[in-house]
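# Examining the three-dimensional arrangement
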Amino acid sequence: KKEFFSFFLLAFFLVVDMILFFQSLYYISVNKALFLFLTYPIIALIMARFTLKEPITRIDILSIIISFFGLFLIFKTELEIGSNLLGEILVLLSAVFWCAYMIMNRYLSFKEKHFKQTFWLFLFGFIMLMPIFLVYGKPSSFLNLNNIAWLLLLSLGVFATLIPYTFISYAGKYVKSSTSSIILLIGPALGIIVSFIILNERPPINVVIGGVLILASAFISTRSKS
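A separate point is the packing of aromatic side chains. Within this structure, the stated rule accounts for 21 aromatic pairs. Aromatic side chains Phe 122 and Tyr 165 sit 6.0 Å apart centroid to centroid with 85 degrees between the ring planes, which places their arrangement in the edge-to-face category. In this pair, Phe 122 sits in helix α6 (residues 114-136) while Tyr 165 sits in helix α7 (residues 147-171), placing the two residues 43 residues apart along the sequence. Look at Phe 122 and you get partly exposed, because its relative accessible area is 28%. For Tyr 165, a relative accessible area of 15% corresponds to the buried category.

Here you go:
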């Protein structure tokens, strides 16, 4: 029963994180939401210290300062903090629940097999999200999807969700929460830069420098643990 409850709690943290984040987009811009959410390594560092007793080293602090400055450079052109307090509170709460997920993931990784953990994560997540989808979503829209849309949805499910979360579950045993949080910043940073490449646009210099700083912070944090 204890194991069952732990998997349920892991899924609960992730589902609440997603709901709060997407709800915040009704009130604030995507760029502001991303900037506020991607400050989660700071929250993770503090939470991991009190829950998992992970030490806070100078390298950790340095890496987070560098990554935070990189995020600021990327998003600085569209930041107006305080313009819509409700949206900002929602996205910060989502960051807290994401950190809770990361910490719970690391806690369970020492006790459970990562495939087992991932299976229950998605099963419970599906059970919790389905009633919300049925009430507020449009289930009938699935009937209008063509083959390409189904293929894209399947690709998102496998390559953007299933595989990454399986890797996160596996890595939890070997990488502490604060380091994982900083490394995961690479995804959004590269995503922003790649979006300019796909759209055949030249990324602003502040975006390039910010992305390089985030990559540097991830390298510093990882190198210090290796």
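What follows concerns the layout of surface pockets. A volume near 2,000 Å³ is recorded for the largest pocket. In terms of lining residues, the largest pocket is bounded by 43 residues, among which Met 18, Phe 22, Leu 129, Thr 161 and Tyr 165 are the most central. Within the residue set of the lining of the largest pocket, elements represented by two or more residues are α1 (2-24), α2 (30-37), α6, α7 and α9 (186-198). Top element by residues in the lining of the largest pocket is α7. It accounts for 12 residues. Classifying every residue of the lining of the largest pocket gives 36 nonpolar, 6 polar and 1 charged. Looking at the second largest pocket, its volume works out to about 220 Å³.

A few words now on the nonpolar core. Within the largest apolar cluster, 39 residues are counted, with the highest numbers of intra-cluster contacts made by Phe 37, Tyr 40, Trp 98 and Tyr 101. For this core, the leading source of residues is helix α5 (residues 85-109), giving 9 residues. Ignoring sequence-local partners within four residues, the contact set of Phe 37 consists of Asp 17, Phe 21, Val 91, Ser 94, Ala 95 and Trp 98.

What follows is about the pattern of salt bridges. Within this structure, the stated rule accounts for 4 salt bridges. Here Glu 3 and Lys 116 are joined by a salt bridge, their closest N and O atoms 2.8 Å apart. In this pair, Glu 3 is assigned in helix α1 and Lys 116 in helix α6, connecting sequence segments 113 residues apart. Here Lys 32 makes a salt bridge to Glu 88, at a shortest N to O gap of 3.3 Å. Taken as a pair, Lys 32 in helix α2 and Glu 88 in helix α5 lie far apart in primary sequence, 56 residues in all. Each member of the pair Lys 32 and Glu 88 is classed as buried.

In the contact formed by α6 and α7, the axes pass within 9 Å of each other and the chain directions differ by 130 degrees. In terms of orientation, α6 lies oblique with respect to α7. The way α6 lies across α7 gives a crossing that is right-handed. When α6 is examined against α7, the residues His 114, Phe 115, Gln 117, Thr 118, Leu 121 and Phe 122 are found in contact with a partner set consisting of Thr 161, Leu 162, Tyr 165, Thr 166, Ser 169 and Tyr 170. Broken down by class, the residue content of the contact of α6 with α7 amounts to 6 nonpolar, 6 polar and no charged.

Quick notes on the rules
- Sequence order sets the numbering: in each chain, residues are counted from 1 along the sequence as written.
- Local features in this predicted model are restricted to residues whose pLDDT is 70 or higher, and side-chain atom pairs enter the listing and the counts only when it is 80 or higher, whereas totals over whole chains, interfaces and linings include all residues.
- Values shown for side chains rest on all heavy atoms present in the structure; no hydrogens or waters enter the calculation.
- Centre distance within 6.5 Å is the pairing criterion for rings of Phe, Tyr and Trp, where only the six-membered ring of Trp is used; planes under 30 degrees apart are then read as stacked, over 60 as edge-to-face, and the remainder as tilted.
- Only DSSP runs of H or I reaching four residues or more are called helices, and only runs of E reaching two or more are called strands; each is numbered from the N terminus.
- Exposure is judged per residue with a 1.4 Å probe applied to protein chains only, and the accessible area is read against the type maximum: over 50% gives exposed, under 20% gives buried, and values in between give partly exposed.
- Here a cavity denotes grid points, spaced 1 Å and computed from the protein atoms alone, that fit a 1.4 Å probe unable to get out, and a pocket denotes an open set having protein on both sides within 12 Å along at least 5 of 7 lines; residues with an atom within 4 Å of a point are the lining.
- Grid points are joined across faces, edges and corners, and a volume is the space filled by probe spheres set on the points.
- In the scheme used here, Gly and all other residues not listed as nonpolar or charged are polar, with Ala, Val, Leu, Ile, Met, Phe, Trp, Tyr, Cys and Pro taken as nonpolar and Asp, Glu, Lys and Arg as charged.
- What is meant by a nonpolar core is a set of buried Ala, Val, Leu, Ile, Met, Phe, Trp, Tyr and Cys residues, joined one to another through side-chain atoms within 4.5 Å.
- Should any heavy atoms of two residues lie within 4.5 Å, those residues are considered in contact.
- Each salt bridge in this description consists of a side-chain nitrogen of Lys or Arg and a carboxyl oxygen of Asp or Glu lying within 4 Å of one another.
- An axis is simply a line fitted to the C-alpha atoms; with a helix, the fit covers only the stretch in contact. Between two such axes, the angle follows the N-to-C directions and lies from 0 to 180 degrees.
- Geometric relationships in this document are graded by angle, where less than 35 degrees denotes roughly parallel, more than 145 denotes roughly antiparallel, 65 to 115 denotes roughly perpendicular, and other angles denote oblique.
- We call a crossing left-handed when the near helix sits turned anticlockwise from the far one by less than a right angle, and right-handed when that turn is clockwise.

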